[in-house]
Each structure stands twice: as C-alpha cells, then as structure tokens.
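Architecture and fold: a report
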Amino acid sequence: MKTVYSPLHHGHSGYFEFCNGAFVPGFEKPVRAEFIRSRIEEVGLGPILAPVAHGIGPAQGVHTADYLAFLADAWTLWTAMDRHTPALPMVWPIPGLRADKPPKSIDGLLGFYSLDTGAPIVAGTYPAVVASLESAITAADLVRNGERAAFALCRPPGHHAGSRFMGGYCYVNNAAAAAQHFRDNGAARVAILDVDYHHGNGTQEIFYSRADVMVVNLHGDPLTEYPFLLGHADEHGSGPGEGFNVNYPMPHGTDYAVWGAALDDACRKVAAYKPDVVVVSLGVDTFEKDPISHFLLKTPDYPKIGRRIAELGLPTLFVMEGGYAVAEIAVNAVGVLTGFEGE
Ligand code: OKP
Ligand code: ZN
C-alpha cells in the first residue's frame, strides 16, 4: 500500500492545550506522524510519496469560503497584534449569540470559528493543514486510479472540523474533503467509516443531510467523552440524509469483544449501502494505553480491524486521525494497514 506524507506537518508544533484545568503541551505533536512514517519503512508497507500541490481548493466542497479565508489569514491577523504566542479562542458561538455576523478582530474570529480550545494556530499551522489536505486528496487519487487502497498520513487530523469550525486538533476535514473529491470525480456513493476513539462530529455535521455520503462512527459515548455535544445513537441524518448517519457510542472500558462486534455491524451497514469507495478515518486512540482515551483495544486487535475492513472488498482510503500513545501508535496504525493487506 502506498502512503502519502508531507514533512510540512513539523511546522504545526510548539503549542499548549487545556487539559483538566491545566495548560499542557499538545498531545497532537509531530512525533506522532514521524513514528508512523518510520514504522511504514520498517515493515516495508510500500512507497511513501509526497502530496501533489492542490492547495486549499479541495476543501471548498466541505467548508464555507469565509471559514477557509479565516484559516488562511488567522496567523497574520494574530501577529499583527504583536502577539508571538499560539493563537487560541476565548468565546464560542453557542445558541443565543449571533451566528450570522462574523466579528472583525482576530479574538472574535477565533471564537466564531471554533468548537473549543483544542485547535491552536502557530506560524506553520496553515501550511501543515494544506499539506495534510493535499495528502488526503493525493491518496484519494491513487485509489481513483486503481489502487485497492492508499494511506494518507495526515497531520493535523480532521474529523472534528465542521463546515465552519475548527476544534479538537482539527482545522480542515481531510476525510470529508477526500469523500467529496471522490463524489466530484464519478463515485455515486461514498461511505466514511470513522474508527477514531472520538466521535467525528465535523464529518457528521458536513454530511448530515446528504444521502450520497454515508457516515458511520464508532466512539466513546458523548455523555461521558469529548466532543460531548454530538455522537448519540439517535442521530440518523436529516431530510434526504435520513438513515445515512450511524453512530455506535460505547462506554469507557469497552474492549475488542464489544468494539469488534460494533465494527462488524458497522461494516454490514456500509456493505448494504453499496458505496463505490470507503474512506476510513483511522484513529488508534482506542488503544488501552492512550493517554486521553478510555477504550481497551490491544495491539493484536488492530490487524483484525484492517482485516474486517478488507472483507468489504471495496476500494479503501485510510486517512490518519488520532492516537496519542506515541510509543505504540505507529505499530497499531500500521497494524491496521498490514491487517488490511492480509499479513
Ligand atoms: C482528536 B482526535 C485532553 C482533552 C482532549 C480534545 C481531544 C481531541 C481528539 N486534554 N480534548 O479525535 O483524536
Ligand atoms: Zn480521537
């Protein structure tokens, strides 16, 4: 299997996040992608290619123009205030506030376009975000051009980013943009299977009223887990999208016996949809030792995930999302890919 990777992700680093009331170094850090890249070389998964320079264009089908303009300008606006710290928001557009009138100042804009404090912006963030998107689109094109599967080693991840907001380490929704790219280039139906520990709220929001992209999520129950405000089992899609959104919320302490049964059920639903292609939002923060998560999957479980997805017999794009146990995420993420390939 071919991998698409860009070293530009390195520039997205050196920031802090709020955790349990403390300001701590970001869990989503460059070594994550580097360990995975090394592991790909170690096991000989296949060639590692640079992304084709598409720019931000492929994000336009899944994000609003004003949000993308904000992302492009945010660091310039922030530093124009003579600030040298990572940019973070401090207000949020919750119900009751104006959602139709973007502020002009960067402090207002950061809040207007944010889900939480989990998406800091530094000098190298936007170039990394664009390269991450380009990796997803380039890997999607490998699949469009006949590869059985491809791996987009995206960093930063994307599944919490919605049509008009960033959050949860995510800025542009790489998996959603890739799904839209498949749709724009001849695929009639695309299924997104999100196996990251956290609910892919952004992906769900983007496709919620559409029947042409089915979104299936396995994740920690939002009653007790981030992102808390979406991801319940009764969210089935709306309007024409009714029936094309499926959630499998699971409690803290879930192990592979339960999680794997949910994956099996999810795969049956994906198969019944008869998609032309499957996009897998590949998070490995379901791992028992993940520092911010509460499932109990073990290293030998990851190849089983890949095998079950391979049984769908469909062209498959893997898009990297979360996973924060840096010593093990590489073995686990690549384990899914080698499991898919039947090794
Ligand atoms: C991104 B992805 C930990 C708080 C966690 C954000 C989690 C984002 C996960 N201090 N808050 O889905 O892996
Ligand atoms: Zn996650």
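Everything that follows concerns the structure shown earlier in this document.
A brief look at the structure comes next.

Procedures and definitions
- Residues numbered from 1 in each chain as written.
- Chains lettered and ligands numbered in written order.
- Predicted model: local features only at pLDDT ≥ 70, side-chain atom pairs only at ≥ 80, totals over all residues.
- Heavy atoms only, no water.
- Helix = DSSP H or I, 4+ residues; strand = E, 2+ residues; numbered from the N terminus.
- Expected span 1.5 Å × (residues − 1).
- Pairing = 2+ DSSP bridges.
- Donors = N, O, S within 2.8 Å, 3.2 Å for Na, K, Ca; no water.
- Buried < 20%, exposed > 50% of the residue type's maximum accessible area, 1.4 Å probe, protein only.
- Phe/Tyr/Trp six-rings, centres within 6.5 Å; stacked < 30°, edge-to-face > 60°.
- Lys NZ or Arg CZ within 6 Å of the ring centre and 35° of its normal.

Some thoughts on helix α4 (residues 125–144)
Over its 20 residues, α4 extends 28 Å from the first C-alpha to the last, a length consistent with the 28 Å expected when each residue adds 1.5 Å. At the C-terminal side of α4, Gly-146 shows a positive phi close to 115°.

What to know about the pairing of strand β3 (residues 22–25)
Direction of pairing for strand β2 (residues 16–19) relative to β3: antiparallel, over a ladder of four bridges. Following the sheet pairing, Cys-19 is matched in β3 by Ala-22. In this structure, the hairpin formed by β2 and β3 is closed by a connection of two residues, where Asn-20 is found at a positive phi of approximately 55°.

Comments concerning the coordination of the zinc ion (ligand 2)
Protein coordination at the zinc ion (ligand 2): the donors are Asp-196 (OD), Asp-196 (OD), His-198 (ND1) and Asp-285 (OD), at 1.9 to 2.8 Å from the metal. Motif for the zinc ion (ligand 2), donor spacing along one chain: D-x1-H-x86-D. Residue classification places Asp-196 among the buried positions, given a relative accessible area of 0%.

A short note on the packing of aromatic side chains
What describes a pair of aromatic rings is the distance from one ring centre to the other and the angle between the planes of the rings. In the structure shown here, the tally under the stated rule is 13 aromatic pairs. When the centroid spacing of 4.8 Å and the interplanar angle of 25° are considered together, the rings of Phe-70 and Tyr-113 count as stacked. With Phe-70 in helix α2 (residues 65–79) and Tyr-113 in the loop between α3 (106–112) and α4, this residue pair connects regions lying 43 residues apart in the sequence. Here the two residues Phe-70 and Tyr-113 agree in accessibility, since each one is buried. Ring centres of Tyr-226 and Phe-228 lie 6.4 Å apart, and the angle between their planes is 80°; on these two criteria the pair is classed as edge-to-face. Taken together, the ring pairs in this structure connect Tyr-67, Phe-70, Phe-112 and Tyr-113 into an aromatic cluster. Just above the ring of Tyr-5 sits the side chain of Arg-37; from NZ or CZ to the centre is 5.5 Å. Residue placement shows Arg-83 over the ring face of Trp-78; its charged tip is 4.4 Å from the ring centre.

Structural measurements only, silent on function.
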